[in-house]
Amino acid sequence: MQERVDASLNNFYIFNPTFGTTEGEEENKILFFHPPDSDTNNQIKTVGLSEAIIKFTRNFVSQEECKSVHTLKTRQYFYQAQPNYWMVMTVNVPYTKSKNGLKETVYHGENVQDDVYHSILKQAYEMYQLFYDSFQPPSEIQVDLVLLKEKISQFYSKYLQILKISNCDIVDVFQGIQFLPLDKKTYLHAQSFMNQFQCIFHDQVVFSALLVKEHLVWSNIELTDLRTIYRYLITTLLSSHLTENQNGAGTVDNSNLSEMKSGNGISYLNEADYSRFITCPSFYSNIDSEPVTQVPRLILRSGDRSIFQLLVYKVMSSFVCLFVPDAYELTLEFMRSIESFLRSKLIALASELSMHLEKKRFTKGIVSSVGHTFSYVYFNRLNLAQKNTLRDHQAHLTAEVLSMLADISFDSKKKDSVGETIVKTYDDFWIIGQFCNEREFYVVTQQKNSTLIEISDEMKIIRDKQLKSIYFHV
Amino acid sequence: MEETAGERCEPEIAQEKVEVLEKKNEETVELPSSNDSAIDHEINNLTDELGPNLNLAEHEEEIYWQTAEWKSKKHVFVLSSAGKPIYSRHGNEDDLVALFGVMQAIVSVVLDSDDELQSIHTSNTHFTFLRKGNIYLVSVSSIPLETAPITKLQLTYVYNQILSILTLTQLTRIFDQYNNFDLRRLLSGSERLINNLVDFTETDPAFFFNAVECLPLASSARDVVIQAITSSCQKIKNLLFAILLAGNQLVVLIRMKKYNLLPSDLHLILNLVSSSQSFRTAEGWTPICLPDFDASGYMQAHVSYLTEECQTCLLLLTIDRELFFTLSEAKQKIVEKLQKSNVFEQINESIQKPKILASEFGISRLRHFVYKNKNTNQFVYPKYEVPYLLPESQNSLLHLYSQLYQQVNSSQRPLKVIFQQLKTEAVLGWDTKGFELYLIFEPFVTKSEAINAVNKLLKCMKKEEDRLFISNSATF
């Protein structure tokens with residue numbers, strides 16, 4: 001019997017070789033080390049090896065940064081987030097071992113792809129930046145090490161708990177944003193609502209965004225920030241709200257409803273009126289039964305790296321995210337005025353949006369005219385738009401196929417402008433990648449007896465149908 | 001006879017050679033220090049150790065391994081597990097002692113944690129590590145399409161070349177006895193072989209495709225050669241292989257039943273012949289170990305060029321050290337027999353005739369192709385034409401092919417078909433029973449044109465099969 005063990009996190013550490021250069025003080029270099037229970041000597045040895053490897057490569061390349069180290073059992077990723085601040089993440093590669101121990105353990109290093117995991121490491125820093133801007137602000141010459149270690153440890157010990165290490169794929173690299181395709185009328189409705197809101201609260205709310213479940217409908221946040229904020233919302237802040245109400249986007253969970261009705265808070269007219277702040281100051285939490293998250297304070301690059309308070313208001317499956325400058329005090333009066341505006345205007349829009357989401361759910365699963373099933377992923381680097389059916393349950397894609405997608409993507413970056421790549425694997429998956437104007441489009445289908453030409457023709461039809469209005473010339 | 005072949009390969013000569021050397025080395029060889037503590041020490045001081053060396057550069061501007069020229073090169077290093085330099089492609093090993101020390105330490109530290117260092121990657125450079133017993137090999141390459149599997153294979157070739165000179169048995173014995181042994185003593189004079197082999201792995205498609213090229217020849221002519229060799233060698237015992245080469249192309253290969261040669265071993269033979277000019281003037285008798293055939297022992301090779309007029313090189317490989325005169329006689333007989341026929345003329349004609357061209361098949365938009373016969377590991381590689389006349393464009397085509405081959409033959413994710421439209425060309429790779437086909441087209445070829453090209457080319461290859469490939473595997 002064979003047992004396959006998935007990839008897992010071996011360790012994760014941050015160090016700065018300029019702290020603790022004298023012998024006996026090596027410990028000072030280490031700003032963070034996970035797992036926390038690893039003993040100091042081991043930490044120093046591990047960091048020492050990383051340092052030696054970085055120095056070794058500099059004998060051959062002066063400008064290039066060390067990015068990864070492969071061993072039989074691990075993949076180690078390096079990222080120099082700021083000069084001399086190195087982040088290192090070590091991943092145990094997946095392996096298969098026979099249960100009776102008769103056969104040798106086989107390590108599948110090929111399934112942990114450098115470009116995928118290196119961007120996961122980089123994302124770990126980008127998320128840190130959202131909360132703390134940087135390890136060492138350029139203005140700061142002398143670092144308060146104690147404070148820095150505390151900040152890092154506070155952030156990363158939580159971050160590593162939600163970090164997904166096994167089965168990462170190309171979609172994790174894109175880090176794209178799922179937009180909700182709307183008809184013109186609904187889109188204008190959403191836009192006019194947000195504009196109206198911005199008009200009234202322009203002094204207090206600098207940036208805002210509207211989401212339906214994990215789909216972005218509207219936002220005026222710049223792309224540099226949007227990617228990380230979007231990821232923060234989806235994976236952390238809103239994650240518990242995205243999984244509830246799984247049965248239907250428009251209905252309210254009954255258990256919540258009964259609690260609400262029996263609660264002492266504001267009474268609700270009907271189910272659709274279910275709306276509340278998800279994050280707000282503690283004095284404003286008006287429903288005892290619903291726990292309210294503290295207001296997160298985020299740093300936006302497009303906002304001159306200043307701090308913003310993030311208020312999130314929820315109506316049905318719609319979320320309005322509001323970024324209020326840190327200097328502005330969230331008074332009871334302000335909170336009330338926002339709530340009364342949102343409550344009165346958002347409900348109609350929210351139910352309209354929910355309907356669209358429902359519609360979208362039913363059109364999933366793409367079948368070509370000849371009856372073959374396709375999965376696809378589309379990513380546009382220019383607006384971060386992403387459409388993805390790879391992770392749908394009916395897709396049934398093997399880890400090998402998903403790795404192949406990443407192979408094709410990175411190969412296209414290595415070679416000079418690839419227009420199109422078509423491959424057929426040994427288990428008869430056809431994978432097609434097309435590249436055009438910073439856009440990437442991949443289609444996967446399993447067909448034994450099709451020819452290259454047939455596949456290519458079918459793919460064209462799928463593309464034209466799925467990416468109707470998107471210019472894509474290959 | 002056949003049963004004893006394996007044992008008879010035991011290199012008695014080699015053993016003597018080592019014993020002599022061991023005596024010579026007695027005073028100079030340092031006793032292996034307690035290795036563990038040495039490594040521990042090195043880990044602790046790894047970074048300190050590098051520090052002073054880097055500082056040194058500021059004082060002495062001439063240190064080669066700190067220059068821009070050094071950094072622009074592709075490197076291959078070989079060292080022992082004790083950190084002794086064995087080979088460096090560039091620079092003098094003695095000047096690089098500190099660098100070798102660092103490489104040894106890094107490999108050992110990872111080994112200490114029950115793991116194995118494979119590679120280090122910076123944005124554009126790959127550092128590949130290979131550990132074979134007491135031999136560590138390292139390569140540093142900035143060639144974009146030269147991926148880890150290729151550099152790893154290159155290092156395996158370098159290792160095999162060392163085995164080919166020393167045998168695994170001897171290598172193991174040396175390091176079992178003297179952990180600190182300076183292997184350069186045994187390899188002196190062989191650097192040229194390693195240098196040539198590394199060049200070969202960078203420039204010859206035979207390496208990437210794991211195959212050999214054959215000299216195009218009418219099958220009747222090839223049969224005459226085979227007949228002449230087999231009839232002349234019929235009574236010679238312990239003769240394993242007879243190989244006739246024209247440059248780097250195979251004319252015939254005759255083998256003892258049950259035994260076979262892999263392309264990797266043939267490449268070492270090609271390297272031996274192309275690295276040594278002396279065989280042109282006098283017949284040679286040289287020990288050679290073919291690692292994929294039998295890494296433990298030597299064979300003896302009788303190497304000679306057939307005649308002045310026909311520059312083909314004949315190798316007769318045996319396990320019997322006493323056979324020189326017998327084989328020398330047999331070679332004379334072979335030459336006499338061939339001189340009676342007109343085979344030399346045919347061979348010369350084929351050598352002088354330009355290589356096959358992709359354009360001669362009249363397939364529109366086809367620029368170049370590779371056809372590999374998977375059963376015999378022989379391949380056809382047409383001569384370069386426009387737009388691959390400049391060395392740089394030939395180089396990038398080579399790398400494109402090598403990458404394509406790696407993608408198709410990937411150990412984890414092999415492919416049946418790959419079609420790729422690039423900026424300057426379109427490529428099609430197809431792996432199927434019996435053969436692999438790789439085609440390079442103009443960038444805007446349509447898929448149906450590409451498929452038509454495949455069909456047309458396959459027909460042509462089928463027609464020419466007897467001439468282009470050595471199909472019947474001849475035996476003694």
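What counts, and at which threshold
- Residues numbered from 1 in each chain as written.
- Chains lettered and ligands numbered in written order.
- Predicted model: local features only at pLDDT ≥ 70, side-chain atom pairs only at ≥ 80, totals over all residues.
- Heavy atoms only, no water.
- Helix = DSSP H or I, 4+ residues; strand = E, 2+ residues; numbered from the N terminus.
- Buried < 20%, exposed > 50% of the residue type's maximum accessible area, 1.4 Å probe, protein only.
- Contact = heavy atoms within 4.5 Å.
- Areas by Shrake-Rupley, 256 points an atom, 1.4 Å probe, with all protein chains shown as cover.
- Buried area = accessible area lost by both parts, 1.4 Å probe.
- Salt bridge = Lys/Arg side-chain N within 4 Å of Asp/Glu carboxyl O.
- Polar contact = N/O pair within 3.5 Å; in protein donor to acceptor, adjacent residues only side chain to side chain.
- Nonpolar A, V, L, I, M, F, W, Y, C, P; charged D, E, K, R; others polar.
- Pairing = 2+ DSSP bridges.
- Expected span 1.5 Å × (residues − 1).
- pLDDT = per-residue confidence, 0-100.
- UniProt positions renumbered as here; feature names shortened; annotations may be inferred.
- 1 Å grid on protein atoms, 1.4 Å probe; cavity = no way out; pocket = protein on both sides within 12 Å on 5 of 7 lines; lining within 4 Å.
- Points joined across faces, edges and corners; volume = space filled by probe spheres on them.

Right, let's get into the overall build of chain A. Helices and strands together make up the secondary structure of chain A, namely 11 helices and 20 strands. Taken over 474 residues, chain A has a buried fraction of 54%. Within chain A, residue pairs in contact and separated by at least 24 positions form 63% of the contacts whose partners lie at least 6 positions apart. Split by element, the accessible area of chain A, about 21,600 Å² in all, is 51% carbon and sulfur.

By a widely used convention, the size of an interface equals the accessible area lost when the partners come together. Contact residues are listed per partner, giving 57 residues for chain B and 55 residues for chain A. Roughly 5,000 Å² is buried in total at the junction of chain B and chain A, and carbon and sulfur atoms are behind 58% of that figure. It is Arg413(B), Lys416(B) and Lys447(B) in chain B that bury the most area against chain A; as a group they hold 15% of the surface buried on that side. Between chain B and chain A we count 4 salt bridges in total. The closest approach of N and O atoms between Glu420(A) and Lys447(B), which form a salt bridge, is 2.9 Å. Connecting chain B to chain A are 30 residue pairs in polar contact (both at pLDDT 80 or more). At 7 residues, the largest contribution of residues to the side of chain B that touches chain A is made by strand 14 (residues 415-421) of chain B. Grouping the constituent residues of the side of chain B that touches chain A by class yields 29 nonpolar, 18 polar and 10 charged. Summarising the sheet, strand 18 (residues 420-425) of chain A and strand 14 of chain B pair through 6 bridges and their orientation is antiparallel. Bridging from a neighbouring strand, Lys424(A) pairs with Val417(B) of strand 14 of chain B.

This part covers unusual backbone geometry. His34(A) connects to Pro35(A) through a cis peptide bond whose omega is 5°. In this fold, Pro35(A) is placed in the loop between strand 3 (30-34) and helix 1 (40-57). With an omega of 5°, the peptide bond running from Val386(B) to Pro387(B) counts as cis. As for its position among the elements, Pro387(B) is in the loop between strand 13 (378-380) and helix 17 (391-408). The backbone of Met316(A) shows a phi angle near 50°, a positive value even though the residue is not glycine. Within the secondary structure layout, Met316(A) lies in the loop between strand 13 (306-315) and strand 14 (318-325).

The end-to-end C-alpha separation of helix 3 (residues 145-162) of chain A is 26 Å, in line with the 26 Å expected for 18 residues at 1.5 Å each. Looking at the buried side of helix 3 of chain A, the elements it contacts are strand 2 (8-15), strand 3, strand 6 (85-92), helix 2 (114-132) and helix 6 (223-237) of chain A.

Residues and elements named next belong to chain B. Taken as a whole, chain B shows an average pLDDT of 85; of its residues, 87% reach a score of 70 or greater. The low-confidence segment residues 1-61 (pLDDT under 50) makes 75 contacts with residues lying over four places distant or belonging to another chain. Interface scoring of the predicted complex returns ipTM 0.88; its pTM is 0.87.

So, on to the UniProt feature "domain: FUZ/MON1/HPS1 second Longin" (unreviewed entry) in chain B. When the UniProt feature table is mapped onto this chain numbering, "domain: FUZ/MON1/HPS1 second Longin" (unreviewed entry) sits at residues 237-336 of chain B. Taken end to end, residues 237-336 of chain B has its terminal C-alpha atoms 21 Å apart, with 34% of it in helix and 33% in strand.

For side chains bearing opposite charge, pairing can occur when the charged atoms are close. Scanning the entire structure with this criterion turns up 30 salt bridges over all chains. For the salt bridge of Asp428(A) with Lys424(A), the shortest nitrogen-to-oxygen distance reads 3.6 Å. In this structure, Asp428(A) and Lys424(A) share a single accessibility class: buried. For Glu93(B), the salt bridge goes to Arg184(B), with nearest N and O atoms at 3.1 Å. With Glu93(B) in the loop between strand 2 (85-88) and helix 5 (97-112) and Arg184(B) in helix 8 (residues 184-187), the pair connects residues that are 91 residues apart, well separated along the chain. Each of the two residues, Glu93(B) as well as Arg184(B), counts as buried. Several salt bridges share partner residues, and in doing so they unite Lys74(B), Arg89(B), Glu146(B), Asp199(B) and Glu202(B) into one network.

Now for empty space enclosed by the protein. All names here are of chain B. Within this structure, the stated rule accounts for 12 cavities of 30 Å³ or more. Taken as a whole, the largest cavity encloses approximately 90 Å³ of empty space. What lines the largest cavity is simply Glu213, Cys214, Pro216, Gln249, Lys355, Ile356, Phe379, Val380, Tyr381 and Leu468. Mapped onto the lining of the largest cavity, the elements with two or more residues apiece are strand 6 (213-214) and strand 13. Each residue belonging to the lining of the largest cavity can be placed in one class, and the counts come to 7 nonpolar, 1 polar and 2 charged.

All names here are of chain A. Residues with a pLDDT of 70 or more make up 87% of chain A, whose mean pLDDT is 84. Across chain A, the secondary-structure element scoring lowest on mean pLDDT is helix 8 (residues 254-262), at 36, and the one scoring highest is strand 6, at 97. Within the model, pLDDT remains below 50 along residues 245-273, and this stretch shows 34 contacts once partners closer than five positions in the same chain are excluded.

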